[in-house]
Amino acid sequence: MAKLFLGLDSSTQSLSAVLIDLDARKVVYEKSLNYDQALPRYKTRNGVLPNRDPLVKHSSPLLWADALDLLFAQMKRDKVALGKIVAISGSGQQHGSVYFNEKAADVLANLDPKKSLVENLRGVFTRKTSPIWMDSSTTADCAKIRKQLGGVQYTVTRTGSDTFERFTGPQIRKFYRTEPEAYTRTAGIALVSSFMASLLAGKIAPIDFGDGAGMNLMDIRKKNWNHDALKATAPGLVKKLPPLADAGHVIGKVSPYFAGKYGLNPEALACVWTGDNPASVLGLGLTKPGLVAISLGTSDTYFGTMEKCQTDANGEGHVFASPAGGYLSLICFKNGSLAREKIREHYKISDWKKFGELVAATPPGNNGAILLPWFEAEIVPRVNKPGVRRFDLDEKNAAANCRAVFEAQMLSMRLHSQWMQVAPHCIYATGGASNNRELLQIMADVMHCRVLRIEISKSAALGAALLAAHGWSVESGKPMKWEKLAAGFTAPVAGSEILPDKKAAKIYDKLLEKYALCESDALDII
Ligand code: XUL
């Protein structure tokens, strides 16, 4: 009988499912449910509840639970063989948090299939809404925690990242500070990932090491709660946090709620969930150290895999535990396709093909021209006052500016990923701009590394399905190796390989020095 594994991804705007047949190495079903469209009564916009304060970004845990019911109902309608699912895992938008009172454990253990999840869960929360990763209202809390921990260095070395507004610790601190009574009544705090896993398992689920690293509360090396960080955040926190565990670890059988209501096999296993980025690492096949993915999206993201835990002394990058073992580094550059589009619009270039042709018409290294494309405030390096700057670059030269924007983005990635101390040996490029060969050639040359394109739209949900398969294999006493598990699901696009050009790579080594000087010069002025 086919062994099916279900991966769910509870993301900012939607809940997605990817079902895999492990033996056939095939994705057999995929579905996405958009919150705004499917559940308009929550009045979210792009998955976020309206708020007068532009810094506050919350969503609703009931919305996420409701979406889970809807998605299972949809799968049943689509005649998905729910009875053949062996194990379920998932991933959630990182950093978001859910606050339970003392009734929650009991309610979860006795979910009534005659009611909806929402009806079952009424009265179990001490905080009606959940702050999510887009929230940036905790600057004061970040500063306090960082200071109490002894500064950026200590915070980064211990927790894997500097304090960031969206990270869960600062969010918990704000809750304690602004609603102390509700904080005191809180018996348990979950992440989006562990909240969703708790529904499926019918008990409070552990937080995994990957998503736990996005809280400023976990010791990144020892992989346990860091008591200094907990103390700097809020009183009595240790009693409110669940245990930490490996992503994919089997929590138990799925709650009878799902078996009774939707026909899941009552023996199916509910596994620990992780964050969407750690799950994407699996979904993109980054199962060995030295493999890197660069996602060229709205913002550009550099994901690296590391065997040893290196942290970023500048406090710009993040380190999470990778579900495939070792660590995952993540750096997020805000001016990604946003900056490329601004250049394209500014020079009235009709399409990306033309943009690529203009890039190809200019030489690698652009004769020493440098553009700093900080159209928006930048995360890496930290730039609070945006501004575009040109060095030895003629603003009137459209082709040179097209090359300059992408060269700068790649040089910045190389410069700001050096703290990882792992030279990539293969880069998987994904996201909108990755089908532009001219741009990928620059990537290969700047990074001195071969580049392959990978096209996986639901990489987090796929990674979650692989996690479920891994959890099941461990539970059955025959743990599967990640590489073997992911094989066939995560292959790069055939014929997409681009090799670095030795001559161009040398030019970029020199240009990197100049780029670094221009960057520090501009940062001094800003
Ligand atoms: C990572 C982060 C985002 C969310 C998106 O630190 O905040 O990538 O995980 O869901």
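Residues numbered from 1 in each chain as written. Predicted model: local features only at pLDDT ≥ 70, side-chain atom pairs only at ≥ 80, totals over all residues. Heavy atoms only, no water.

Undergrad: For this particular structure, what's the right way to read helix 20 (residues 502–525)?
TA: Because each turn of an α-helix spans 3.6 residues, side chains separated by three or four positions end up pointing in the same direction. Taking 1.5 Å of rise per residue, 24 residues should cover 34 Å, and helix 20 covers 35 Å from first to last C-alpha, within 8% of that figure. When the local axis directions of helix 20 are compared, the greatest deviation, roughly 25°, occurs at Leu511. Looking at helix 20, one finds that the buried residues are Ala504, Ala505, Tyr508, Leu511, Leu512, Tyr515, Cys518, Glu519 and Ala522. Summarising the contacts, the buried residues of helix 20 are in contact with strand 18 (370–374), strand 19 (387–391), helix 16 (398–416) and helix 17 (437–447). Two to three positions downstream of the cap, the backbone nitrogen of Lys503 sits 3.2 Å from a side-chain oxygen, assigning the N-cap of helix 20 to Asp501. (Helix = DSSP H or I, 4+ residues; strand = E, 2+ residues; numbered from the N terminus. Expected span 1.5 Å × (residues − 1). Bend = angle between axes of the 7 residues up to and from the residue. Buried < 20%, exposed > 50% of the residue type's maximum accessible area, 1.4 Å probe, protein only. Contact = heavy atoms within 4.5 Å. Polar contact = N/O pair within 3.5 Å; in protein donor to acceptor, adjacent residues only side chain to side chain.)

Undergrad: Could you clarify how one ought to interpret the packing of helix 15 (residues 352–360) against helix 17 in this entry?
TA: When two helices pack together, their arrangement is given by the angle between the helix axes and the distance between those axes. In contact at an axis separation of 8 Å, helix 15 and helix 17 are set at 45° when each is read in the N-to-C sense. Taken together, the axes of helix 15 and helix 17 lie oblique to each other. Contact residues: helix 15 offers Phe355, Gly356, Val359 and Ala360, while helix 17 offers Glu438, Leu439 and Ile442. When its residues are assigned to classes, the contact of helix 15 with helix 17 shows 5 nonpolar, 1 polar and 1 charged. (Axes fitted to C-alpha atoms, helices over the stretch in contact; angles between N-to-C directions. Parallel < 35°, antiparallel > 145°, perpendicular 65-115°, else oblique. Nonpolar A, V, L, I, M, F, W, Y, C, P; charged D, E, K, R; others polar.)

Undergrad: Would you explain the pattern of salt bridges in this entry?
TA: Oppositely charged side chains can pair when the atoms bearing their charge come close. Per the counting criterion, the structure on display carries 20 salt bridges. A salt bridge links Asp162 to Arg382; the nearest nitrogen and oxygen atoms lie 3.2 Å apart. Taken together, the positions of Asp162 in the loop between helix 6 (152–159) and helix 7 (168–178) and Arg382 in the loop between strand 18 and strand 19 put the pair 220 residues apart, joining distant regions of the chain. Judged by relative accessible area, Asp162 falls into the buried class, the value being 2%. In this structure, a network of salt bridges that share partners links the residues Asp141, Arg173 and Arg177. (Salt bridge = Lys/Arg side-chain N within 4 Å of Asp/Glu carboxyl O.)

Undergrad: Is there a simple way to explain the environment of Ile294 in this structure?
TA: Mapped onto the secondary structure, Ile294 falls in strand 14 (residues 291–296). Considered as a pair, Ile294 and Met410 are 116 residues apart in the sequence and their alpha carbons are 9.9 Å apart. The residues contacting Ile294, other than those within four sequence positions of it, are Thr301, Tyr302, Met413, Ile427, Tyr428, Ala429, Thr430, Met443 and Met447.

Undergrad: Would you mind going over the side chain of Ser434 with me for this structure?
TA: Residue placement: Ser434 occurs in the loop between strand 20 (426–430) and helix 17. Using a relative accessible area of 4% as the deciding quantity, one classes Ser434 as buried. Ignoring anything within four residues of it in the chain, the contact list for Ser434 reads Leu296, Ala429, Leu440 and Arg453.

Undergrad: Mind showing me how you'd approach the side chain of His470 here?
TA: Relative to the helices and strands, His470 is located in helix 18 (residues 459–475). Setting aside residues no more than four positions away along its own chain, His470 makes contact with Met480, Trp482 and Leu485.

Undergrad: Can you walk me through the site of the ligand in this structure?
TA: Residues in close proximity to the ligand include Thr12, Gln93, Gln94, His95, Trp133, Arg166, Asp276 and Asn277, which together make up its full environment. Between the ligand and Asn277 there is a distance of 3.1 Å, counted from an oxygen atom to a side-chain nitrogen or oxygen. Relative to its unbound accessible surface of 290 Å², the ligand loses 86% to contact with the protein. Split by residue class, the shell around the ligand holds 1 nonpolar, 5 polar and 2 charged. (Near = heavy atom within 4 Å. Areas by Shrake-Rupley, 256 points an atom, 1.4 Å probe, with all protein chains shown as cover.)

Undergrad: Is there a simple way to think about the packing of helix 17 against helix 20 in this case?
TA: Relative to each other, helix 17 and helix 20 sit at 65°, their axes nearing to 7 Å. The orientation of helix 17 relative to helix 20 falls into the category roughly perpendicular. Taken as a pair, helix 17 and helix 20 cross one another with a handedness that is right-handed. Facing helix 17, whose interface residues are Ile442, Asp445 and Val446, helix 20 presents Ala504, Ala505 and Tyr508. Among the residues making up the contact of helix 17 with helix 20, the classes are represented as 5 nonpolar, no polar and 1 charged. (Left-handed = near helix turned anticlockwise from the far one by under 90°.)

Undergrad: How should I be thinking about the environment of Asn34 in this particular structure?
TA: When you line up the elements, Asn34 lands in strand 3 (residues 26–34). Distance from Asn34 to Gly96, taken between C-alpha atoms, is 18 Å for residues 62 residues apart in sequence. Not counting chain neighbours up to four residues away, the residues in contact with Asn34 comprise Gln13, Ser14 and Leu39. Here Asp36 takes part through its backbone nitrogen, which lies 3.1 Å from a polar atom of the side chain of Asn34.

Undergrad: Where do I start with the packing of aromatic side chains in this structure?
TA: By the definition in use, this model includes 13 aromatic pairs. Ring geometry for Tyr99 versus Phe175: centroids 4.7 Å apart, planes at 55°, classification tilted. Taken together, the positions of Tyr99 in strand 6 (residues 97–100) and Phe175 in helix 7 put the pair 76 residues apart, joining distant regions of the chain. What makes Tyr99 buried here is its relative accessible area of 0%. (Phe/Tyr/Trp six-rings, centres within 6.5 Å; stacked < 30°, edge-to-face > 60°.)

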